[in-house]
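If you want the building blocks of each chain, they are given just below.
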Amino acid sequence: MIKKLLILPLIFINLIFASTIEKEIPSIVNVKWLQDNIKNPNLVIIDLRDEKSYKIDHIKNAVNIPALENLFAKNYFMPNIETLKKLFSEAGVSKDSLVLAYDDGSFIWSARLYWILEILGHTNIGILNVGYKNWDENKIPLSNEVYTPQKSNFIPRVDNSKIQTKLSTLLSIGKKTIIDGRKESHYLGKESIAKRFGHIPTAQNYACTQNYQVTSSGNKIKDLNELKTIYKDIPLNKEIILYCDGGAEAALNYIVLQELGYQVSVYDGSWIEWGNDDILPIDNPSK
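Engineer: Sorry if this is basic, but what is going on with the pattern of salt bridges here?
Structural biologist: Any two side chains of opposite charge can pair, on the condition that their charged atoms come close. Considering all chains together, one arrives at 15 salt bridges under this definition. Residue Glu51 pairs with Lys55 through a salt bridge whose shortest N-O separation is 3.0 Å. With Glu51 and Lys55 both in helix α3 (residues 51–56) and four residues apart, this pair spans about one turn of that helix. Overall, Lys55 belongs to the partly exposed group, its relative accessible area being 44%. Here Glu118 makes a salt bridge to Lys162, at a shortest N to O gap of 3.6 Å. With a gap of 44 residues between them, Glu118 in helix α6 (residues 108–119) and Lys162 in the loop between β7 (142–143) and β8 (163–164) connect regions that are remote in the sequence.

Have a look at this one:
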């Protein structure tokens, strides 16, 4: 949550407007890249699945960071800086690390990690474009042993341009493009995880599930050319604010739209905050 970010010691907060580090890992990583780089000493692989699934088997030398327990604080806000600094230090992430995240094929958990690390100034991160084990057998080495990496000293350098608050989102209505990444029934006000139903006024609905295809072997993120067609009606010259229920679905839209050349940020509180605040305006098409 951005309020928490601002009260932390300045030693941890160095606002950056653009990365000065050349990206060495694709934002959306295919299996071939992983095969070619799996022995890179700077590669940190993070498994976002639950601990039980991880212990059955996982990509060799992957660190387990169960998403729900580690990437969310109260009311689904982003955890505070000190918590994240400790988390990524224990995962072995340093300034030289190439971080690769993967999950079960929903992609929202690895995308959430991606977005958080970019906020903290670490841009050498990518997400695997397929769900776990959605590749030919024996292409990637697996293990059932818990991997404990050498601890690092992760130093956050916060980029506040990647994150929005309730106030900044409210002030952006009618000025910036707002995209709702929830499924259509939530956008239309037929379902809601908050006490109110509907969506933020002027928001357009692009469910994050449009970003990937479901196959018989598992899910796979669509090719960028196909994704470009999906988002072709969104103007490139306006900043975009993304939201969803709790900041994970929006993170997947964040990666895709950023790859397509859009300037994007995520409203951290998303609908769980907006939909529970009676003062804020909403549109509810279901009424």
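Engineer: Honestly, the packing of aromatic side chains in this entry has me stumped. Any pointers?
Structural biologist: Aromatic rings in a pair are described by how distant their centres are and how their planes are angled relative to each other. Counted by the stated rule, this structure contains nine aromatic pairs. Arranged with centres 6.0 Å apart and planes meeting at 80°, the rings of Tyr267 and Trp274 form a pair that is edge-to-face. Both residues of the pair, Tyr267 and Trp274, belong to the buried class. Connected via pairs of aromatic rings, a cluster forms that spans Phe72, Tyr76 and Trp109.

Engineer: Would you mind going over the sheet that holds strand β5 (residues 98–102) with me for this structure?
Structural biologist: Neighbouring strands of a sheet are bound in pairs by backbone hydrogen bonds; such pairs are parallel or else antiparallel. Strand order across the open sheet formed by five strands is β1-β6-β5-β2-β4, with parallel pairing between neighbours. Each end of this open sheet is capped by a strand with a single partner; those strands are β1 (28–29) and β4 (62–64). Across two bridges, β1 lies against strand β6 (residues 125–128) in parallel orientation. Bridged to Ile28 within β6 is Ile127. Together, β2 (43–47), β5 and β6 form the strand contacts of α6, whose direction differs from that of β6 by roughly 175°.

Engineer: Mind showing me how you'd approach the confidence of the model for the chain here?
Structural biologist: Caution applies to low-pLDDT parts of the model: their predicted coordinates are not meant to be read in detail. Confidence in the prediction for the chain averages 92 pLDDT; 93% of positions are at 70 or higher. In this model residues 1–20 is a low-confidence stretch, pLDDT under 50, and it forms 34 contacts with partners more than four residues away in sequence or in other chains.

Engineer: Just checking my understanding: could you explain helix α5 (residues 81–90) for this structure?
Structural biologist: Owing to its 3.6 residues per turn, the α-helix aligns residues three or four sequence positions apart on the same side. All of the buried residues in α5 are Ile81, Leu84, Lys85, Leu87, Phe88 and Ser89. Put simply, Asn80 is the residue that caps the front of α5, since its side-chain oxygen is 3.2 Å from the backbone nitrogen of Glu82.

Engineer: So what exactly am I meant to see when it comes to the nonpolar core here?
Structural biologist: In summary, soluble globular proteins display a tendency toward joint burial of nonpolar side chains. Of all hydrophobic cores here, the largest spans 55 residues; its most connected members are Phe88, Leu113, Trp115, Leu120, Leu242 and Leu257. Elements supplying a minimum of two residues to this core: β2, α5, β5, α6, β6, β13 (240–243), α10 (249–259) and β14 (264–267). Looking at which element gives the most residues to this core, the answer is α6, with eight residues. What Trp115 contacts, discounting residues up to four positions off in sequence, is Met78, Lys162, Ile163, Gly247, Ala251, Tyr254, Val266 and Asp268. Counting 17 residues, the second largest nonpolar core, distinct from the first, contains Ile25, Leu34, Ile59 and Trp135.

Engineer: Teacher, can you tell me more about the environment of Ser172 here?
Structural biologist: Considering the arrangement of structural elements, one finds Ser172 in helix α7 (residues 166–172). In this structure, the C-alpha to C-alpha distance between Ser172 and Thr202, residues 30 residues apart in sequence, is 9.9 Å. Those residues in contact with Ser172, other than ones at most four positions away along the chain, are Ile178 and Ile241.

Engineer: Is there a simple way to explain the side chain of His122 in this structure?
Structural biologist: Summarising the element assignment, His122 is placed in the loop between α6 and β6. Side-chain polar atoms of His122 contact the backbone oxygen of Asn124, separated by 3.5 Å. Contact partners of His122, with chain neighbours within four places excluded, come to Val93, Ser94, Lys95, Ser97, Val99, Leu117 and Phe154.

Engineer: Quick question: what am I supposed to make of unusual backbone geometry here?
Structural biologist: The general pattern is negative phi for most residues beyond glycine and trans for most peptide bonds. For Asn75, which is not glycine, the phi dihedral falls at a positive 60°. As for its position among the elements, Asn75 is in the loop between α4 (67–70) and α5. Exposure remark for Asn75: the relative accessible area of 47% places this residue in the partly exposed category. For Ser270, which is not glycine, the phi dihedral falls at a positive 50°. Of note, Ser270 is situated in helix α11 (residues 270–274).

Rules used throughout
- Residues numbered from 1 in each chain as written.
- Predicted model: local features only at pLDDT ≥ 70, side-chain atom pairs only at ≥ 80, totals over all residues.
- Heavy atoms only, no water.
- Salt bridge = Lys/Arg side-chain N within 4 Å of Asp/Glu carboxyl O.
- Helix = DSSP H or I, 4+ residues; strand = E, 2+ residues; numbered from the N terminus.
- Buried < 20%, exposed > 50% of the residue type's maximum accessible area, 1.4 Å probe, protein only.
- Phe/Tyr/Trp six-rings, centres within 6.5 Å; stacked < 30°, edge-to-face > 60°.
- Pairing = 2+ DSSP bridges.
- Contact = heavy atoms within 4.5 Å.
- Axes fitted to C-alpha atoms, helices over the stretch in contact; angles between N-to-C directions.
- pLDDT = per-residue confidence, 0-100.
- Polar contact = N/O pair within 3.5 Å; in protein donor to acceptor, adjacent residues only side chain to side chain.
- Core = buried A, V, L, I, M, F, W, Y, C linked by side-chain atoms within 4.5 Å.

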